[in-house]
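Given next are the chains, with one letter for each unit.
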Amino acid sequence: MTKSKRVLISLILRLLAFGATVAAVVVMVTSHDSAQVLNLTFTAKYSNEPAFKYFVIAEGIASAYSLIVLFTYSQNSLRRLLLILDLVIAMLLSSSISAAVAIAHVGKKGNNHAGWLPICGQVPKFCDHVTKHKIQIAECPPKSAEYEALLRAGPRLKPLRQVHAHLIVTGCHRSRALLTKLLTLSCAAGSIAYTRRLLTTVHDPDSFLFNSLIKASSKFRFSLDAVIFYRLMLLSHVLPSTYTFTSVVKACADLSALRLGRVVHSHVLACGYGSDSFVQAAIVAFYSKCGALGVARRVFDEMPQRSVVAWNSMISGYEQNGAANEALVMFRKMRECGVDPDSATFVGVLSACSQLGSLELGCWVHDYIVNNGVRVNVVLATSLINMFSRCGDVTRARAVFDSMNEGNVIAWTAMISGYGMHGYGIQAMEIFHRMKACHLVPNRVTFVAVLSACAHAGLVDEGRRAFTSMRQEYGLVPGIEHHVCMVDMLGRAGLLSEAYQFIKELSLEELVPAVWTAMLGACKMHKNFDLGVETAEHLISLEPENPGHYVLLSNMYALAGRMDRVESVRNVMIQRGLKKQVGYSTIDVNNKGFLFSMGDKSHPETNEIYQYLDELMWRCKEAGYAPVPESAMHELEEEEREYALRYHSEKLAVAFGLMKSSHGKTLRIVKNLRICEDCHSAIKFISVVTNREIIIRDKLRFHHFREGSCSCLDYW
């Protein structure tokens, strides 16, 4: 069925729903007088009424219409346009129905116009006693039986519809208090379409109703609808308040709608709420989520009083935009200003520690939480697990995990991922089996963590079983991430033919660059040059502007001895202006971070670091270390190659850490790229000659060097 036909069918269904609704109301009016209609209760007797049957038909048609609309308009821009158009159409239909019902009722001999007002949304203009006096909307006491019925229904759509029908037949459907509660509960139930239809029936909505509806829409992730309701509020000439703006700004942040948020920000200033601390905190969070950290910081600096929410917004904003150092600086300023952090603060700080590998600060945060009795909820516990795992202390991560009174799928997945990135595949699978035994249903992210753990530990059979169980046991369709993990797992295990066959069975949409990158890494590991070159060419055809692919292809040619091809690949990179990503390593010493790059001489103690590293490498050579020259630039002479290899960023970071730390202290280093083969070999020898444990987190996983061996077992 084409899109145009689906649109035509949806419009026909909309008109049928309109007709069924009119028929239902007309039947109700012709079957009962006004007093009887108002006194009808939603009982089994009323459910047999012809009017009720028409209402059911109308609701069914409207539901079918909604399904076709959702199926037809899958793109974001069209869906947003439809939401707006549908809202306008619904408002027009509501007005038409009300007018038609009013005319039908007035035309009936002997009808009491005033008695009909609580049901219809329009007022007959020829009713003298109505035009002379202000209409009194039927109100039900806040703690009435109807209100209690709403509370019992809760955020469940079917009971809410039953209560709504009861409100209509009892005449309480014009009570703003009850309608406000009904709207917020229907929004909480996840039926935003039903909420929109309800709103069109409200006569003269007030500020409290709009604020409650906008807040509920924003809270339950109907962000676009929250903005639309805000627009309707302005069109209804209802003045917004601080409660309005905090919710609308949050909705704009969830949509990452920077331009729209700026318009709302201008409304805030025009309405005189620019100095309200709650609104300012929401604006700071909005600009931070949209990546406009400069604007967020200016708004933050201009706040006369900065609440903990505002501080948290800036800390999380820096952290989420990759500025972890600035996030930690902001946290220290927060402490200097005497603002007590809360659990949300610690979540942002722990995430920043995870990015930087700053275990010392992460341990301080953990100690602060324990010593000050901060309640560790699931979110904070999961942040602690992630922090300890990504900072190299998986033992403490497991201790936090075991101390949790209750955990969700996210916490269990974090523990599985933590074991996986350290190469502890058996422990990861143990947690996975325990999770299933506790009747927790794994999600797609859980399976990514499981498959990745199997790939790093060489657990091929377990990985195959987990991949198969996604469909058979849990009905999950494997995505791109799962396919990449499978290719990585098979390739690392040396099953290159099976990995390549797995790729060939994927559809064109699933053949993303990450799949070929995993295959190329396996070819390089197992020195399958022919398949590696073919894979690299696939990558370059998919992403011709990615310099990493050219570097991998150049390395494959170099390992195969095809130096002429190496030169041609590098000439192409020069012609296209492509440059290899700069590698760097960071290390924390005395709670302060230091960054090194290859051949870096920016450090004030450069001479001492280089001299210490030269002496260290001489001791390693005496212990049996030999450089791996193919890791360096292939056109260099042998002596130049050794020099280039010696001053890689991770070696400089290791040397500096050894110089500045006490004997026996574990070194923890973070590298932005995959550790090269020569550095991997050299650091194994360094761990022997210095009798130190050295933990390096590279782009792919953790390496624990101890007594001349690595936890990856040279399987990375």
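Numbering of residues starts from 1 in every chain and runs along the sequence as written. Since the coordinates come from a predicted model, pLDDT governs what is reported: local features require at least 70, and pairs of side-chain atoms require 80 or more to be given and counted, while whole-chain, interface and lining totals use all residues. Side-chain descriptors were evaluated using all non-hydrogen atoms of the structure, hydrogens and water having been removed beforehand.

Colleague: What am I meant to see in the packing of helix H25 (residues 425-437) against helix H26 (residues 444-457) here?
Modeller: Axes are the key here: two packed helices are described by the angle between their axes and the distance separating the axes. Across the interface, H25 lies against H26 with an axial gap of 8 Å and an inter-helix angle of 150°. Relative to H26, the element H25 is oriented roughly antiparallel. The crossing of H25 and H26 is left-handed. Side by side, H25 and H26 meet where Gly 425, Ala 428, Met 429, Phe 432 and Met 435 of the first sit next to Thr 446, Phe 447, Val 450, Ala 453, Cys 454 and Ala 457 of the second. Structural elements are reduced to axes, namely lines fitted to C-alpha atoms, with helices fitted over the stretch in contact, and the angle between N-to-C directions of any two is expressed from 0 to 180 degrees. By definition, any uninterrupted DSSP run of H or I lasting at least four residues is a helix, any uninterrupted run of E lasting at least two residues is a strand, and each is numbered from the N terminus. What sets the label is the angle itself: under 35 degrees gives roughly parallel, over 145 gives roughly antiparallel, 65 to 115 gives roughly perpendicular, and the rest give oblique. By definition, any crossing whose near helix is turned counterclockwise from its far helix by less than a right angle is left-handed, and any crossing with a clockwise turn is right-handed. Residues are treated as being in contact if the distance between any of their heavy atoms lies within 4.5 Å.

Colleague: Mind showing me how you'd approach the sheet that holds strand S4 (residues 694-697) here?
Modeller: Either a parallel or an antiparallel arrangement is found when strands of a sheet pair, and the pairing is made through backbone hydrogen bonds. Whether two strands pair depends on DSSP finding at least two bridges between them. In spatial order, the strands read S2-S1-S3-S4-S5-S6; together these six strands make up an open sheet with mixed pairing. Unpaired on one side and paired on the other, strand S2 (592-597) and strand S6 (709-710) mark the two borders of the sheet. Judged from the four bridges that link them, strand S3 (residues 667-671) and S4 form a sheet pairing that is parallel. Looking at the pairing, Ile 669 lines up with Ile 696 of S4. Docked against the sheet, helix H36 (residues 649-660) engages strand S1 (584-589), S2, S3 and S4, running at close to 15° with respect to S1.

Colleague: Would you mind going over the environment of Ala 344 with me for this structure?
Modeller: Tracing the chain through its elements places Ala 344 in helix H20 (residues 343-356). As for Ala 344 and Val 308, which are separated by 36 residues in sequence, their C-alpha atoms are 9.2 Å apart.

Colleague: What is the right way to read the pattern of salt bridges from this model?
Modeller: As a working rule, side chains carrying opposite charge can pair if their charged atoms are close by. Salt bridge criterion: a side-chain nitrogen from Lys or Arg within 4 Å of a carboxyl oxygen from Asp or Glu. For the structure on display, the rule yields 15 salt bridges. Notably, a salt bridge pairs Lys 651 with Asp 678, separated by 2.8 Å at the nearest N-O pair. Taken together, the residues span a long stretch of sequence, with Lys 651 in helix H36 and Asp 678 in helix H37 (residues 677-689) at a distance of 27 residues. Take Lys 651: its relative accessible area is 1%, and that puts it in the buried class. Several salt bridges converge on common partners, so that one network encompasses Arg 221, Lys 250, Asp 254 and Lys 289. Each residue is assigned to one of three classes by its accessible area relative to the maximum for its type, calculated with a 1.4 Å probe on protein chains only: buried under 20%, partly exposed between the two thresholds, exposed over 50%.

Colleague: What should I look at first to understand the packing of aromatic side chains in this one?
Modeller: Aromatic ring pairs are defined here through the distance separating the ring centres and the angle between the ring planes. Side-chain rings of Phe, Tyr and Trp (the six-membered ring for Trp) are treated as a pair once their centres are within 6.5 Å; stacked means planes under 30 degrees apart, edge-to-face means over 60, and tilted covers the remaining angles. Considering all chains together, one arrives at 17 aromatic pairs under this definition. Seen from their ring centres, Tyr 419 and Tyr 424 are 6.4 Å apart, and the 70° between their planes marks the pair as edge-to-face. For Tyr 424, a relative accessible area of 26% puts it in the partly exposed group. One aromatic cluster is present, formed by Phe 331, Phe 346, Trp 364 and Tyr 368 through successive ring pairs. In this scheme, the term charge over a ring applies when either NZ of a lysine or CZ of an arginine sits within 6 Å of the ring centre and within 35 degrees of the ring normal. The ring of Tyr 194 is capped by Arg 161, whose NZ or CZ atom sits 5.1 Å from the centre of that ring. Lying over the aromatic face of Phe 300, Arg 306 brings its terminal NZ or CZ to 4.9 Å of the ring centre.

Colleague: Honestly, unusual backbone geometry in this entry has me stumped. Any pointers?
Modeller: Residues apart from glycine generally show negative phi values, whereas peptide bonds are mostly found in trans. Unusually for a residue other than glycine, His 237 sits at a positive phi of about 60°. Looking at the element boundaries, His 237 is found in the loop between helix H13 (223-235) and helix H14 (242-255). Positive phi, normally seen in glycine, also occurs at Ser 256, with a value near 55°. Inspection of the secondary structure assignment puts Ser 256 in the loop between H14 and helix H15 (258-270).

Colleague: Sorry, what's going on with the UniProt feature "repeat: PPR" (unreviewed entry) in the protein here?
Modeller: The UniProt record marks residues 307-341, 408-442 and 443-478 with the feature "repeat: PPR" (unreviewed entry), using the residue numbering of this structure. As annotated, residues 307-341 has a helix share of 74% and a strand share of 0%, and its two end C-alpha atoms lie 10 Å apart. The span residues 443-478 shows a helical share of 81% and a strand share of 0%, and its end C-alpha atoms are spaced 11 Å apart. UniProt positions are given in the numbering used here, feature names are shortened, and annotations may be inferred rather than shown by experiment.

Colleague: Teacher, can you tell me more about the state of the cysteines here?
Modeller: Joining two cysteines, a disulfide is a covalent bond between their sulfur atoms. The definition used for a disulfide is geometric: two cysteine sulfur atoms within 2.5 Å. Scanning all chains against the criterion turns up zero disulfides. Looking at the unpaired Cys 353, the closest cysteine sulfur is the one in Cys 391, lying at 6.3 Å. Its sulfur unpaired, Cys 363 is 8.0 Å from the next cysteine sulfur, which belongs to Cys 391. Taking the relative accessible area as the measure of exposure, Cys 363 reaches 14% and is therefore buried.

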